[in-house]
Amino acid sequence: MSHPDSAPDYDLAFALQVTGFELATEPPAPDTPLGRIRAFAAEHGFDALTHEHFEAAIRGTL
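Keep in mind that this is a model prediction, so the values were computed, not measured.

A.B. asks: What is the right way to look at the overall build of the protein chain in this model?
C.D. replies: When its secondary structure is counted, the protein chain shows 3 helices and 0 strands. A separation threshold of at least 6 residues defines the contact pool for the protein chain, and within that pool the share at least 24 residues apart is 17%. Carbon together with sulfur atoms contributes 61% to the accessible area of the protein chain, which is approximately 5,200 Å² in total.

A.B. asks: I keep staring at the nonpolar core and nothing clicks. Help me out?
C.D. replies: Among the nonpolar cores identified, the biggest contains 5 residues, and these are Ile37, Phe40, Ala41, Leu49 and Ala57. Counting residues per element, this core draws most heavily on helix 2 (residues 33–44), at 3 residues. Apart from residues lying up to four places away in sequence, alanine 41 is in contact with Phe46 and Leu49.

A.B. asks: Just checking my understanding: could you explain the packing of helix 2 against helix 3 (residues 51–59) for this structure?
C.D. replies: Two packed helices can be described by the angle between their axes and the distance between those axes. One can describe the packing of helix 2 onto helix 3 by two numbers: an axis separation of 8 Å at closest approach and a directional angle of 135 degrees. By the angle class used here, helix 2 and helix 3 are oblique. In this structure, helix 2 meets helix 3 at a crossing whose hand is right-handed. Here Pro33, Arg36, Ile37 and Phe40 of helix 2 come into contact with helix 3, specifically with His53, Phe54, Ala57 and Ile58. Looking at side-chain class alone, the contact of helix 2 with helix 3 contains 6 nonpolar, 1 polar and 1 charged residues.

A.B. asks: Whenever I open this one, the side chain of histidine 53 confuses me. Can you help?
C.D. replies: Of note, histidine 53 is situated in helix 3. The contacts of histidine 53, once residues within four sequence positions are left out, are Ile37, Phe40, Ala48 and Leu62.

A.B. asks: Would you mind going over the side chain of arginine 36 with me for this structure?
C.D. replies: Tracing the sequence through the fold places arginine 36 in helix 2. One buried charged side chain, arginine 36, makes no salt bridge at all; its nearest oppositely charged neighbour is aspartate 31, positioned 6.1 Å away. Contacts of arginine 36, omitting those with residues within four sequence positions, involve Pro30, Asp31, Ala57, Ile58, Gly60 and Leu62.

A.B. asks: What is the right way to look at the environment of leucine 23 in this model?
C.D. replies: Within the fold, leucine 23 resides in the loop between helix 1 (10–18) and helix 2. Assessed through its relative accessible area of 60%, leucine 23 is described here as exposed. Leucine 23 sits 10 residues away from alanine 13 along the chain, and the two C-alpha atoms are 7.2 Å apart. Beyond its immediate sequence surroundings of up to four residues, leucine 23 is in contact with Leu12 and Leu16.

What counts and what doesn't
- Residues numbered from 1 in each chain as written.
- Predicted model: local features only at pLDDT ≥ 70, side-chain atom pairs only at ≥ 80, totals over all residues.
- Heavy atoms only, no water.
- Helix = DSSP H or I, 4+ residues; strand = E, 2+ residues; numbered from the N terminus.
- Contact = heavy atoms within 4.5 Å.
- Areas by Shrake-Rupley, 256 points an atom, 1.4 Å probe, with all protein chains shown as cover.
- Core = buried A, V, L, I, M, F, W, Y, C linked by side-chain atoms within 4.5 Å.
- Buried < 20%, exposed > 50% of the residue type's maximum accessible area, 1.4 Å probe, protein only.
- Axes fitted to C-alpha atoms, helices over the stretch in contact; angles between N-to-C directions.
- Parallel < 35°, antiparallel > 145°, perpendicular 65-115°, else oblique.
- Left-handed = near helix turned anticlockwise from the far one by under 90°.
- Nonpolar A, V, L, I, M, F, W, Y, C, P; charged D, E, K, R; others polar.
- Lys, Arg positive; Asp, Glu negative; His and termini not counted.
- Salt bridge = Lys/Arg side-chain N within 4 Å of Asp/Glu carboxyl O.

Structure, rendered in structure tokens:
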């Protein structure tokens with residue numbers, strides 16, 4: 001494992017690559033579940049988020 005202060009974190013990048021993921025450097029598209037969650041949180045605050053909000057974001061109804 002690399003030193004926690006190392007940048008970039010090559011261990012994390014490798015683990016993501018092996019599992020088929022990549023670390024995004026851009027914000028998510030607004031029509032994605034994460035984009036909908038971020039838009040809701042920007043308007044109402046992260047403390048207002050509940051489990052139901054995440055389910056609605058996945059369904060596309062948030």
